[in-house]
Amino acid sequence: MPTIRIMLADDHALIRAGLRALLKSIEGVEVIAEASNGHETLEAVERRQPDVILMDIAMPGLNGLETAARILKRWPKVKIIMLSMHANDEYLRQALGAGAAGYLLKGADPAELELALKSVMRGETYLTPAVSKRLVQEFLQQDGEPVKSQSELTPRQREILQMIAEGHSTKEIAHRLELSVKTVETHRAAIMKRLDIHDVPGLVRYAIRAGLITTDA
């Protein structure tokens, strides 16, 4: 059986080190790349073409949900297992809506990691048992539709929304994305109009609820 080539994407170096140590004990897997944010992840996927990505759901700059959607649009054969601190329906819905093949809690038993890898490589969807039947049923009842208002945003608008919610100024966003300040302001106005939210605190609350960012340190 071919070696499973794995990439780790998490902004916490200690978590990546812990995952790497756990994966060393699993036969037939190899960690071929690491990344600390969404943009680094996209670059690494293009270079290394991993089989599976273990990816944090909340990363700075470009979160795991948006990163997953972009990866799967270009490389649909890549399997993505989202890592999260949260066992709630909103995060589960967002992860599966983005095309993730698995959802694993960071506090899960280490044995779950191997089980999740084997499941997604068989073409199955792996959901950690800690995600209750009630949450799965709620997801299925909603037909897997992403949050309607968020789906109306463009990928660029979702990226800018995340950066606004993370506390970056308009000037910082413009510099990071190589856009003009006026263009960022135009995007922000369009985001507020589409979401019917008219202040920055409201955008932050929405971004947390929608899984674009978390309140974790």
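Above this text is the structure in question.
Residues numbered from 1 in each chain as written. Predicted model: local features only at pLDDT ≥ 70, side-chain atom pairs only at ≥ 80, totals over all residues. Heavy atoms only, no water.

## Some details on the side chain of Ser84
Our working rule: Where helices and strands are cited, they refer to DSSP runs of H or I of at least four residues and of E of at least two residues respectively, numbered from the N terminus. For every residue, the accessible area obtained with a 1.4 Å probe (protein chains only) is divided by the maximum for its type, and the residue is called buried under 20%, exposed over 50%, and partly exposed between those limits. By the criterion applied in these results, polar contacts are pairs of N or O atoms within 3.5 Å in which, for protein atoms, one can donate a hydrogen and the other can accept it, and in which residues neighboring in sequence qualify only through two side-chain atoms. In what follows, residue pairs with any heavy atoms lying within 4.5 Å of each other are defined as contacts.
Tracing the backbone shows Ser84 in strand S4 (residues 79-84). Taking the relative accessible area as the measure of exposure, Ser84 reaches 1% and is therefore buried. Among the polar contacts made by the side chain of Ser84, one reaches the side chain of Tyr103 at a distance of 3.3 Å. The residues touching Ser84, leaving out its near neighbours within four places in the chain, are Ile57, Tyr103, Leu104, Leu105 and Lys106.

## Quick notes on the sheet that holds strand S6 (residues 126-127)
Spelled out, the test is: Pairing between strands is defined by DSSP: at least two bridges between the two strands are required. Note on method: axes are straight lines fitted to C-alpha atoms, helices fitted across the in-contact stretch only, with angles between N-to-C directions ranging 0 to 180 degrees.
The sheet built from 6 strands is open, its strands ordered S2-S1-S3-S4-S5-S6 with parallel pairing. Only two strands of the sheet have a single partner each, and these edge strands are strand S2 (29-35) and S6. Where S4 lies against strand S5 (residues 102-105), 4 bridges are found, and the strand directions are parallel. Bridge pairing in S5 places Met82 opposite Tyr103. The strands that helix H1 (residues 13-24) touches are strand S1 (4-9), S2, strand S3 (52-56) and S4; relative to S2, the one it contacts most, it runs at about 170 degrees.

## Considering the environment of Ala111
Mapped onto the fold, Ala111 is located in helix H5 (residues 110-121). In this structure Ala111 comes out as exposed when scored by relative accessible area, which is 53%. Between the C-alpha atom of Ala111 and that of Ile26, which follows or precedes it by 85 residues, the distance is 9.6 Å.

## Let's talk about the packing of helix H8 (residues 155-165) against helix H10 (residues 181-195)
The criterion, for reference: By definition in this entry, angles of less than 35 degrees are roughly parallel, angles greater than 145 are roughly antiparallel, angles of 65 to 115 are roughly perpendicular, and the rest are oblique.
The interhelical angle for the contact between H8 and H10, taken along N-to-C directions, is 95 degrees, at an axis separation of 10 Å. In terms of their interaxial angle, H8 and H10 are classed as roughly perpendicular. Between H8, through Arg156, Gln157, Ile160, Leu161 and Ile164, and H10, the contact on the second element is made entirely by Val184, His187, Arg188, Ala190, Ile191, Arg194 and Leu195.

## Re the nonpolar core
As a reminder, the rule being used: For the purposes of this section, nonpolar cores are sets of buried Ala, Val, Leu, Ile, Met, Phe, Trp, Tyr and Cys residues that join through side-chain atoms within 4.5 Å.
Residues Ile53, Met55, Ile71, Ile80, Met82 and Tyr103 are the most contacted members of the largest nonpolar core, which totals 30 residues. Those elements that place two or more of their residues in this core are S1, S2, helix H2 (38-48), S3, helix H3 (64-74), S4, helix H4 (89-97) and S5. Core analysis: the second largest hydrophobic core is formed by 20 residues, Ile173, Ile191, Ala207 and Ile213 among them.

## Regarding unusual backbone geometry
Positive phi values are uncommon outside glycine, yet Glu178 reaches one of about 60 degrees. Topologically, Glu178 is positioned in the loop between helix H9 (170-177) and H10. Residue class for Glu178 comes out exposed when judged on its relative accessible area of 74%. Phi at Asp196 is positive, roughly 60 degrees, even though this residue is not glycine. Among the structural elements, Asp196 can be located in the loop between H10 and helix H11 (200-209). Among the residues examined, Asp196 registers a relative accessible area of 60% and is labelled exposed.

## Here we look at the environment of Asp10
Its place among the elements puts Asp10 in the loop between S1 and H1. For the pair formed by Asp10 and Gly64, sequence separation is 54 residues and the distance between their alpha carbons is 8.8 Å. Not counting the four nearest positions on each side in its chain, Asp10 is found in contact with Ile15, Arg16, Ala35, Ser36, Asp56, Met59 and Lys106.

## A look at the pattern of salt bridges
Between side chains of opposite charge, pairing is possible as soon as their charged atoms come close. Rules: Counted as salt bridges are all cases of a side-chain nitrogen of Lys or Arg within 4 Å of a carboxyl oxygen of Asp or Glu.
Tallying each qualifying case throughout the model produces 11 salt bridges. One salt bridge connects Glu34 with Arg16, and the closest N-O pair in it is separated by 2.8 Å. Residue Glu34 is found in strand S2, and its partner Arg16 is found in helix H1; the two are separated by 18 residues along the sequence. A salt bridge links Lys106 to Asp56, with the shortest nitrogen-to-oxygen separation between them at 3.2 Å. In this pair, Lys106 is assigned in the loop between S5 and H5 and Asp56 in strand S3, connecting sequence segments 50 residues apart. Exposure remark for Lys106: the relative accessible area of 25% places this residue in the partly exposed category. Salt bridges here are not isolated pairs; linked through shared partners, they connect Glu66, Arg70, Arg156, Arg158 and Glu159.

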